[in-house]
Every structure is written in C-alpha cells, then in structure tokens.
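For reference, the chains in residue letters:
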Amino acid sequence: QDLTENTFGKGLVNVVAKDSSYSANFSLRMQSLFTSAWNISEDDGFGDVEANFLVRRARLKFQGFAYTPKLTYKLELGLSNRDISGASVYNGDTPRYILDAVVKWNFYENFELWAGQTKLPGNRERIISSGSLETVDRSLVNSRFNIDRDMGIQLHHEIYPGGNFIIREAISIAQGEGRNVTAGNIGGLQYTGRLELLPFGDFADYTGADFARETTPKLALGISYDYNNNAVRTRSNSGTYMLTDDGFFETDITTFFVDAIFKYRGISAMAEYAHRAADEAFATNADGTLTGDAVNIGSGFNVQAGYLFKNNIQILGRYTTIDLDDQVTQLVEDQYTLGLSKYIVKHKLKVQTDINYTDLNLGLDDNLIYRLQFEFHL
Amino acid sequence: QDLTENTFGKGLVNVVAKDSSYSANFSLRMQSLFTSAWNISEDDGFGDVEANFLVRRARLKFQGFAYTPKLTYKLELGLSNRDISGASVYNGDTPRYILDAVVKWNFYENFELWAGQTKLPGNRERIISSGSLETVDRSLVNSRFNIDRDMGIQLHHEIYPGGNFIIREAISIAQGEGRNVTAGNIGGLQYTGRLELLPFGDFADYTGADFARETTPKLALGISYDYNNNAVRTRSNSGTYMLTDDGFFETDITTFFVDAIFKYRGISAMAEYAHRAADEAFATNADGTLTGDAVNIGSGFNVQAGYLFKNNIQILGRYTTIDLDDQVTQLVEDQYTLGLSKYIVKHKLKVQTDINYTDLNLGLDDNLIYRLQFEFHL
Amino acid sequence: QDLTENTFGKGLVNVVAKDSSYSANFSLRMQSLFTSAWNISEDDGFGDVEANFLVRRARLKFQGFAYTPKLTYKLELGLSNRDISGASVYNGDTPRYILDAVVKWNFYENFELWAGQTKLPGNRERIISSGSLETVDRSLVNSRFNIDRDMGIQLHHEIYPGGNFIIREAISIAQGEGRNVTAGNIGGLQYTGRLELLPFGDFADYTGADFARETTPKLALGISYDYNNNAVRTRSNSGTYMLTDDGFFETDITTFFVDAIFKYRGISAMAEYAHRAADEAFATNADGTLTGDAVNIGSGFNVQAGYLFKNNIQILGRYTTIDLDDQVTQLVEDQYTLGLSKYIVKHKLKVQTDINYTDLNLGLDDNLIYRLQFEFHL
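Residues numbered from 1 in each chain as written. Chains lettered and ligands numbered in written order. Predicted model: local features only at pLDDT ≥ 70, side-chain atom pairs only at ≥ 80, totals over all residues. Heavy atoms only, no water.

Peer 1: So what exactly am I meant to see when it comes to the pattern of salt bridges here?
Peer 2: Pairing is possible between side chains of opposite charge, provided their charged atoms come close. In the structure shown here, the tally under the stated rule is 57 salt bridges over all chains. Here Asp202(B) and Arg168(B) are joined by a salt bridge, their closest N and O atoms 3.0 Å apart. Linking Asp202(B) in the loop between strand 11 (190-198) and strand 12 (218-231) with Arg168(B) in strand 10 (residues 165-174), this pair joins segments that are 34 residues apart in sequence. Overall, Arg168(B) belongs to the buried group, its relative accessible area being 17%. Each of Arg124(A), Glu158(A), Arg168(A), Arg194(A), Glu196(A), Asp202(A), Asp205(A) and Asp259(A) takes part in a single network of salt bridges with overlapping partners. (Salt bridge = Lys/Arg side-chain N within 4 Å of Asp/Glu carboxyl O. Helix = DSSP H or I, 4+ residues; strand = E, 2+ residues; numbered from the N terminus. Buried < 20%, exposed > 50% of the residue type's maximum accessible area, 1.4 Å probe, protein only.)

This is the structure in structure tokens:
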C-alpha cells in the first residue's frame, strides 16, 4: 500500500507528471435511491404505498490535461442500468456506456475548442453535474426540455468587460440526434448558442448550494438558443424517432432557455424557463396522414431556493410547472417539492431527501413521492 | 514509471491518504475456462467430446474507506459476457454491469449498516467470492437455491460471548427481484436473517482452502432464513418472472440454508443444505388455470473436502445432490466431483481443474465434464 | 494530488512493485471521427453530402507482469458503441465489452504460451493496434478477410539464425467462432500458423509510420495460414452464422495471408495479400437446397506507402482491391486513398485525415469519402 497526498473527494487516483506532460484524475461515483410513492384520489385519499430501491447512478470519470495544460480531456462512463439504457438500432443496439468523451483545446487567449461527445450549452440545470445538485434530482422542466449531450464541436469564449463582470459565450455544431449514435446523421445538424452574464464576478455557478457562503451577492444569467435543422426526434435530439411509412419525419425544432442562479450568505436560488417550438409539430407520412408522433412543443418553468445552515444541513423548496401544447403527453401540470440535505463532505458525501406533490393532468390522481438518496463520490 | 510499495495480489492501485481521509484498492480479475464434455449412454458408452473455451469471469473491483475508516465502500463490475448477461425489460434492457455497489457504515460499536446492492446474507458458498473458491466453480446446490444479490439495506452485528467464541448476525430488507432492476418493486419486499457461530475463534471462513494450515480446529456454522413476500420469480429473487394473463403471479417464497465450514492442518471441509418452499408453487392465472411456471421448490445438499499439500497443490472431493419437487425442471440428481488445484499465489494466481460425473434425471444420458481454469487476480 | 515520474502517452497509472512482484500500466484511448461522403454518379456528378460525427473508439487498457516478469497480462475493454456492438444469442445477448483478456507465459527460453482471448496470428494490418495505424482506419482487405480475435491458446517462438536475422513463429488453437462467445463451440476448432522473417533486424514492425527514421532499410515478411474446421460463419470466425433448417451449415474454411512492411529514412511501406477458400462455399440445408448464405471466398490486395517529414507530418497513398467470388456481397472493387497525418506526440496524440475514392461494383455510383480523425491515448 502506498501513501498518497490526495484527499477524499478528489479522485481515487489524482496525479500530475513531474515533467508537466499530463495530469489524470480518476474518480468514481455511486448514488443509491430509495423511493416511496402514494396515489392520492379525491374520493379515497391516500392509496397503497409503492416502495423501491435503485442504484440510480454509478460512474467512472477520467479527466486532466495531456501534452500541455492547454489541452484537457474528459471521459465519463455510466455503469448503472439507468445510466446505460437506450439501446436502439441507431446506436448499434448497445448500451450507451459513454457519457462524455471530449477534448478541450485552449488554442488562443480565452478561446477553447471542444471536440467529441459532451453536454450541449443548453439549460443550466442540465449542465450542473448530477452529482452537484442541491436536489435529489433535476426538475421536470429539465427532463422535458433539455438538449442533453451530442457529438460535434463547440467553441467557448470569455470576456472581461470591466470590474468583476464576466461574459461567457458558447456556440456548438452537433449531429443532432443525441449521444452514442453510430448510425450516422439523419436530417440536418443542430446549432446551439449560449450567452452567460456574471455581473458580480465568478462563483460556483454550476454547483448547487452555497458552500462558499458568499459575502456579496453573486448572480449568473444564461440564455440559450438551439436550432435543430431537420430534426427527427420528438424532443429535438432526444425522445422517440419520428418514423414515417418511408423513412423519417423531419422538421426544424427550436429550443430556448433562460436561466439564473443566485448565491448569497448560504442562500442559493435558481430559476429556469424553457420553450420548444417546431416548424410542424405533428409528424405526417408522405401522403399527409398523421403518424401519431408529435414534437413535444410547449414551455416549462422551474424555480427553487434553499438555505444552507452552518451545520451543512440545507432546506429547499421547489416549484415546477409544465405547459405542453399536446395535453396527452404532458401528464404533469405542477409539482411542489420540499427538500432536506445533509452535506457530510459537500457534494462528495451527502444524504438528500425530498417530498414531492405532483398535480397530474387528464383527471388522473395526484401523487406524493418521498425520496431518500445517498451520494458517494470518491 | 513509478515504484510502488504495493505487491502482487493486492490491487493495481492500493493507496491510503496521508490525512486518512480515504483509501482505495483498485483490482482486476480474469478467469479463463476450458471445458470438455462427454455424454455417457448406457448402451453406447462415451459420446463425442464437446470442447470449448470461455472468458468465464473478468472483473474490476474498487474498495476502501471514505471520509472515515468507519465508512467503507465497494464497487464491483462484471466485464465478461457471462457476467453481464440478463438484460430484460425489468432492468432497462441493458447488461447487468454492476455486481456490488454498496456502502457500509460502522455507526456504533459492532454494528454495521449496509446500503446499496450486494449479496444477501444467504448461503456461504454464494458469499465466498468466486475468486476465492477451492473448486472450479460453485456447486449445483448454490446455482439452484442461492438468493444472490439484491438492492436494499442490511444490518450486521458481532458478539463475543467469551473465549474465542464469535457470534455474527445479519438482517436484510431488499426489493426482492434481484440485482440491477430498474423497473421498481413488484410484489412485496424480501427479508433475510443469518446467524453464524464460530466456536473456536476467527479464521478464513469465507475463503476456500486452508492456506493458514490452522494448528487448532476451526469451525463456522451458519443458518439463513429468507422470506420473499409476494415474490414473482421462480427462484425467489432470481429465475423466470411468473407472468399471468393480467400481470404477475405473486406468492410468498421461503428459502432456508444451513452451512458449515471447517479447517485444520491443511484440511478444509464445507457442507451446505438448502430448502425452498412456496405458499403456492404452481403459478395460476386469475381464472385458476396454470400458467406453466412453477416456483423451484425442493432441497439440495452439498459436501466437499480437500487437503492442501505443502507445495500448495490441493486435492478435493465433492458430492452434490438435488431433490426438486418438480421433476421436469430438476434434470440433475447427483454430481460427483474430483478436483485438483495448484495455488501459485494463493487465490490470486492459480490453476484449477476438476472432473465431474453427473447423474441426470428423466432417463437422460449421464455426462462427464472435465474443466481446466486459470485465475489471475491483480 | 501526487507527483508522478510517468509521462504522457505511457498510461494514466504506470507502476512497478519494489519487490518486482507486479507491474501495471492502465491507459485510456479516445478516437473522434468526422466523416463527409458524396455519391458520384456518371450522369449527375457529385450528390449531396452526408456528414456525421462518431466516437469511433474509446478503450481502457490494462497490461503488465504479475508474480514474475515472465508472466504478462493484458486486458483491453471497448467502450464506444461501435466497439461493443455485436450482441447475439451466441454471446448471451450482451455487448462485446472485452477485446483482450490474455495471459502470456514465457515458460522456456524463447517460447511464450498465450491463453485467453486475443488477436489470432493473422494479417499484419489487423495485429497492428488501431491506435498505431498510419491511416485513419484499416483497409478493406482487412475488414473483408481478417481473422480477428478468438479464445484459445497460442504458442509463440523466436529464432536468431545469425546476424540480425530474426525468425518468429506462432501457432494457435482457438474455438473458431470469434470473440466473446458464451454459447460454447459449434463445429470444430480453428488452427492458425504464422511465420515472420526480419532479415535486417528488429524494428517497429507492428507500428505505422517510421518515427525511428531507420538509417538502414528494415523489412518484415509475414505469412499466415488459418484452417477453421467445420466453420459456421461466413467469414470463418466472424460474419453471419450460417443457419440451416435444422442447425448450422458447417464447412472447412481456409484463410491465407502474405504481408510485408518496410521502413527506411522516414519511408514506411506495407503490402498485404489475403485469400479465403471453403470446402463448400454455398450453405445448404439437409435436403441440398440453398440457405442463401455463402462463405465470403475470394482474395484482396492492399498496398500503401507514406513519408514522414521532419515536422512529423506524414503523407500517404493507399490502393486496395477486392475480388470476391460472390459478386453480390462484394460491392467494392477498388479504393484509392490519399492520407495526411500530423503526429503531435507520435501515435498518442495525432490528427489524421484522408480522402477515399471508392469504385463500386454492380453499376452502383462510386463515392468519395473525406475523414478527419483525432486520436488521444493517455
């Protein structure tokens, strides 16, 4: 056994070469989730409880620099059955094992070129690592509207216009059918742009909870616009492929996000608005008949705020509302969440729990869900 | 290249942090198996040989402590196609990549709380790692009756009543449909209890072969009782899901194990009895017609004994008998095994070989199987 | 974070035990590919461009020695969806995650015994790691005729007859249905022999490009002969399984390779001829009717040559021709490739690009393919 200078939460292996030719951080994550759910009927009150256990996420992560500190890499692998599901003819009928496989090159001043598969510059909640959330999981706005990961190139840039003000820009060109696709490009490419403003200086704007207990208010605003040319899936680059009787239904889909995060003296607040539109929302065959698929157009809004006590216990409230044009696929109207987290070692070792009241559409019973999650991130 | 204080068989990486905030052991295993099989007919004697090669097991293992030595973790991943098979609608149609993903917390004195996915406290042969067996593989009693892995929580405890006597207890609450399930809980939960007695003190009671050449006799006795409430699979938390014309056939299944292991002066002996019962063994539709599925009720007994010579060559004999109530699915009646192992570096580098005579049911030809296995565990 | 003596391109972890009981090199690879393709019609000229992105390869590799430097091991895992595709009933309907799982034992003088799953001693282009190619990818001769990986044993040997002359021999016995099979052996075994002559001494004969800028001409000649007894797949141990109405169509398939590689003052040249024959090429049912499957018999030839400039930019030309007996499955007749590579850190960090003109069979339009690939090998 060897002694290491490394400490908990910074990787299982964390090395830098003496000749500065590379660095490597190899870490692993496990997330165990316990869920209890009850239907609530107007007539009969609480229904029977459904309880289940899940290995929600398990991941291996590799990151560092190679050859020069200006060239960084990241490889993140999903291990849990939830992480890797999604085998289809479009990805060789195989598990979707790779989350990120990306190289980032700081080729000039504040410019960075990314190549490979990674998250697109979409909504903030999505870009925050699932291991750095202040909630048990992301909101329904994210699950309905996010543009997730894809393969292609991105250009990132930062400007310092004066004072502490920071402006960040990102543009991306991607294949447009999501991660792990091996079947080549169908339809056209996907173009994304994102602009971020941090008027009061840099802070942990992609991490939940205010561990730094910022002594001055910190704010980050983001706006993203995504145009997926001739998209073939119901949620732009994810969701069901819209098959027709002689191929794919192709339509231009745009997704728009505005988001903000604020931190001050242990308070953390985040809000996010998403809107999706399509040239033609209802998929049709060549003869004009409906195929039954439809682009999930509409909008959603999420707002949440928490306070971190000195003992690293955090309370949090969240309100989410969804408004899809297609009422049939919408299901959820509103969700109210009350969360409680104990951060033992920040986001590296924590227990999170929440209770969610969900108001369903179409006359369905409402439901109440209790969740208890344990996160371990070596 | 770096020099490491670590030695062969103790992981590829084996580190402890200087500030004692974590330790990590990352190891890998490969097991290659060559098999020859012959049918033996009463009339025609030996049939043609069937020979095949297999990468039987290949694994990555991560274990250590995190934050405090009282909080330990284990993540074990299967890599070989045999290890990861079992994709179904119940696990997201994905390979069953994760074997163990568990965190163990020694929260008070001799009490330890386990959470996540790992082996249930069932029969000894199952809990012994496949890499620490003194045989080429586990017995048929194990494959017919074991309760394998599941997701949930376990409480482990130890008592020292006096002398060298050790008593170990474990209770477990699990989901009850086996490992890697993502479809939530069907039917009820699974409850397991295990009691172990070590009257002559601690020893390597979960490792095959007596490498310590114990100078005084050592014995461990174990008894496990498992109750799977409203189970839906034919072997409790494994086997076929019992589908009916409008859902699942649910019945309470109990599994009972008694086992013992003994070591003394190079001798190692192990015995195991298993019994499974069900409230209703034959699955029926709502109208009472049989679905064709049946719980694999019945019993089995395995006994084996070996002697380890000074040159680390071990000879071993094994007798296994199976007695299922349902003769159709039973197939095997008795199996006689003669094994020979050469332990180059204990269980970390070894060659194992055996010859098995299997007496089949239903008038089927008996068969003879020769196996040669190479185990490498870095 | 720890300081390491290791340098970029030599693994993420690269250690040797102080007591010389093991060494371990753990490395990772990512390969991102961008492709543009145009059909070229005699009448209409260039067709529309098809552009796509792909995570072409991503791998984890473990290698080193264990117990004694004479016992070496290699475990290589595929991660990308392209790498792991190929789930079938023959491998437990699971991704083919393991590429190599092999142990090599130098048991006597120049003799080495290999056991497990790894590449068979077939054509040179195949045995060269996909990460050490001087082209974006291997030629069509390789994809049509190679004998890839299988499970079994190999015996390797070297002779030094005098001067710098080196003779290498390898013989192999394998299961004969390819890698990751769990269904056991169908048909007979596969036997392979390979002889290599290096008349002017050792050099990097299994690596593309002449980084050593050899000051004297270096040459390696290879010849392989493979006999797959009662083979059941259309390309010997790969390709479609030839099913009949009552089992498998079995026929003896032979594959023959001659190859050469030459390096001198930055010039690298490689040529390869392959020929496949079968006892009966057309699969038939028991009653003699054709099943529709046929062994891919015929021959192919590939030749390529490149020059590495002092700035580590390489230009390369390649010509490939395929001549299958069965014109229907052949498709490609000839392919002309012009390649350009920039080796930043040899094969560990490189950008490779090529343009391929492919002359198709059966009156199909020809096509032009442009590829840009980035390789990162920590």
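Next comes the rest of the write-up.
Peer 1: Help me understand the interface of chain A and chain B in this model?
Peer 2: How large an interface is tends to be reported as the accessible area lost when its parts come together. Each side of the interface is counted separately: chain A has 37 residues, and chain B has 46 residues. Taking both sides of the interface into account, the surface hidden between chain A and chain B amounts to around 3500 Å²; carbon and sulfur atoms contribute 71%. Of all residues in chain A, Gln1(A), Phe53(A) and Asn81(A) bury the most surface against chain B, accounting for 21% of the area lost on that side. On the surface where chain A and chain B come into contact, there are 1 salt bridge. Residues Lys18(B) and Glu5(A) are paired through a salt bridge, measuring 2.6 Å at the closest nitrogen-oxygen approach. Counting across the chain A and chain B interface gives 19 residue pairs in polar contact (both at pLDDT 80 or more). Among the elements of the structure, strand 1 (2-4), strand 3 (23-41), strand 4 (45-66), helix 1 (81-84), strand 22 (332-345) and strand 24 (366-377) of chain A are those that each provide at least two residues to the side of chain A that touches chain B. In terms of residue count, strand 4 of chain A provides more of the side of chain A that touches chain B than any other element does, 8 residues in total. Its residues assigned to classes, the side of chain A that touches chain B shows 23 nonpolar, 10 polar and 4 charged. (Contact = heavy atoms within 4.5 Å. Buried area = accessible area lost by both parts, 1.4 Å probe. Polar contact = N/O pair within 3.5 Å; in protein donor to acceptor, adjacent residues only side chain to side chain. Nonpolar A, V, L, I, M, F, W, Y, C, P; charged D, E, K, R; others polar.)

Peer 1: How should I be thinking about the relation of the copies chain C and chain B in this particular structure?
Peer 2: One copy of the chain maps onto the second through a rotation around an axis plus a translation along that axis. Expressed as a screw transformation, the operator carrying chain C onto chain B has a rotation angle of 120° and an axial translation of 0.0 Å, and the superposed copies differ by an RMSD of 0.0 Å. Overall, the copies show the geometry of a three-fold rotation axis. No C-alpha of chain C approaches the rotation axis more nearly than that of Pro95(C), which lies at 4.2 Å. Mapped onto chain B, only 15% of the interface residues of chain C are again interface residues, and the two copies thus contact each other with different surfaces. (Least-squares fit on C-alpha atoms with pLDDT ≥ 70 in both.)

Peer 1: Just to check I follow, could you spell out a nonpolar patch on the surface for this structure?
Peer 2: Residue and element names in this part refer to chain A. A cluster of nonpolar side chains, contributed by Trp105, Phe107, Tyr108, Leu113, Ile153, Ile173 and Tyr191, occupies part of the molecular surface with about 630 Å² of accessible area. At 3 residues, the largest contribution of residues to the nonpolar patch is made by strand 6 (residues 98-108). Here isoleucine 153 lies in strand 8 (residues 149-162). According to the relative accessible area criterion, isoleucine 153 is partly exposed, its value standing at 37%. (Patch = residues over 30% accessible without salt bridge, like charges linked within 9 Å, V, L, I, M, F, W, Y side chains within 5 Å. Areas by Shrake-Rupley, 256 points an atom, 1.4 Å probe, with all protein chains shown as cover.)

Peer 1: For this particular structure, what's the right way to read the nonpolar core?
Peer 2: In a soluble, globular protein the nonpolar side chains are often hidden away together inside. Membership of the largest hydrophobic core comes to 106 residues, with the highest contact counts inside it found for Phe62(A) and Phe62(B). Discounting residues that sit within four places of it in the chain, Phe62(B) has contacts with Leu12(A), Phe26(A), Leu28(A), Leu60(A), Asn25(B), Phe26(B), Tyr73(B), Lys74(B), Leu75(B) and Leu77(B). (Core = buried A, V, L, I, M, F, W, Y, C linked by side-chain atoms within 4.5 Å.)

Peer 1: Where do I start with the pairing of strand 6 (residues 68-78) of chain B in this structure?
Peer 2: Each regular strand shows side chains that alternate between the opposite faces of the sheet. All names here are of chain B. In this sheet, strand 6 lies alongside strand 5 (residues 50-66) in antiparallel orientation, the contact comprising 8 bridges. Across the sheet, the residue bridging to arginine 59 is glycine 78, located in strand 6. A loop of 1 residue connects strand 5 with strand 6, the two strands running antiparallel in sequence, and tyrosine 67 in this loop sits at a positive phi of about 70°. Relative to strand 7 (residues 98-108), strand 6 runs antiparallel, the two being bridged by 7 bridges. When the bridges of strand 7 are listed, leucine 77 appears paired with isoleucine 98. (Pairing = 2+ DSSP bridges.)

Peer 1: Could you clarify how one ought to interpret the interface of chain C and chain B in this entry?
Peer 2: In this complex, chain C contributes 46 residues to the contact, which on the side of chain B involves 37 residues. Summed over both sides, the interface of chain C with chain B buries roughly 3500 Å², with 71% coming from carbon and sulfur. Looking only at chain C, the three residues that lose the most surface to chain B are Lys18(C), Tyr22(C) and Tyr67(C), adding up to 16% of its buried area. The interface formed by chain C and chain B contains 1 salt bridge. Taken together, chain C and chain B are joined by 19 residue pairs in polar contact (both at pLDDT 80 or more).

Peer 1: Hey, could you run me through the relation of the copies chain A and chain B in this one?
Peer 2: Here chain A sits on chain B after a turn of 120° about the axis and a move of 0.0 Å along it, with an RMSD of 0.0 Å. Counting the interface residues of chain A, we find that no more than 19% of their copies in chain B are interface residues as well, pointing to two distinct contact surfaces.

Peer 1: Would you mind going over unusual backbone geometry with me for this structure?
Peer 2: Keep in mind that most residues, glycine aside, have a negative phi and that most peptide bonds are trans. Phi at Asp93(A) is positive, roughly 50°, even though this residue is not glycine. Among the secondary structure elements, Asp93(A) is positioned in the loop between helix 1 and strand 6. On the accessibility criterion, Asp93(A) (49% relative accessible area) is partly exposed. Positive phi, normally seen in glycine, also occurs at Tyr67(B), with a value near 70°.

Peer 1: Explain the side chain of Ser299(C) to me, please; I cannot follow it from the model alone.
Peer 2: Within the element layout of this structure, Ser299(C) appears in strand 21 (residues 298-308). Taking relative accessible area as the criterion, Ser299(C) reaches 15% and is therefore assigned buried.

Peer 1: Explanation requested: the packing of aromatic side chains in the structure shown.
Peer 2: Describing an aromatic ring pair means giving the distance of the ring centres and the angle of the ring planes. Tallied over the full model, the rule gives 54 aromatic pairs over all chains. In textbook terms, an aromatic cluster arises when at least three aromatic residues are bridged by ring pairs, as seen for Phe26(A), Phe62(A), Phe26(B), Phe62(B), Phe26(C) and Phe62(C). Here the basic side chain of Lys104(A) rests over the ring of Trp114(A), its NZ or CZ set 3.8 Å away from the ring centre. A cation sits over an aromatic face here: Arg124(A) above Tyr206(A), 4.7 Å from the ring centre. (Phe/Tyr/Trp six-rings, centres within 6.5 Å; stacked < 30°, edge-to-face > 60°. Lys NZ or Arg CZ within 6 Å of the ring centre and 35° of its normal.)

Peer 1: Would you explain the side chain of Gln190(A) in this entry?
Peer 2: All names here are of chain A. With respect to the element layout, glutamine 190 can be found in strand 10 (residues 190-198). Engagement of the side chain of glutamine 190 in a polar contact is seen with the side chain of aspartate 226, the distance being 2.9 Å. A polar side-chain atom of glutamine 190 sits 3.3 Å from a polar atom in the side chain of asparagine 237.

Peer 1: When you look at the environment of Val351(C) in this model, what are you seeing that I'm missing?
Peer 2: Residue and element names in this part refer to chain C. Relative to the helices and strands, valine 351 is located in strand 24 (residues 349-360). Along the sequence, valine 351 and phenylalanine 111 sit 240 residues apart, while their C-alpha atoms lie 38 Å from each other. Leaving out residues up to four positions away in the same chain, valine 351 has contacts with Leu340, Ser341, Lys342, Ile344, Leu372, Gln373 and Phe374.

Peer 1: Would you mind showing me how to read the pairing of strand 23 (residues 332-345) of chain C here?
Peer 2: Residues and elements named next belong to chain C. For strand 22 (residues 313-324) and strand 23, the ladder comprises 9 bridges, and the chain directions are antiparallel. In the strand pairing of strand 23, tyrosine 319 is matched with tyrosine 336. When strand 23 meets strand 24, the two strands line up antiparallel, connected through 12 bridges. Paired with lysine 342 across the bridge in strand 24 is valine 351. In textbook terms, the turn of a hairpin is the stretch between consecutive antiparallel strands, and for strand 23 and strand 24 this stretch comprises 3 residues, one of which, lysine 346, has a positive phi near 45°.

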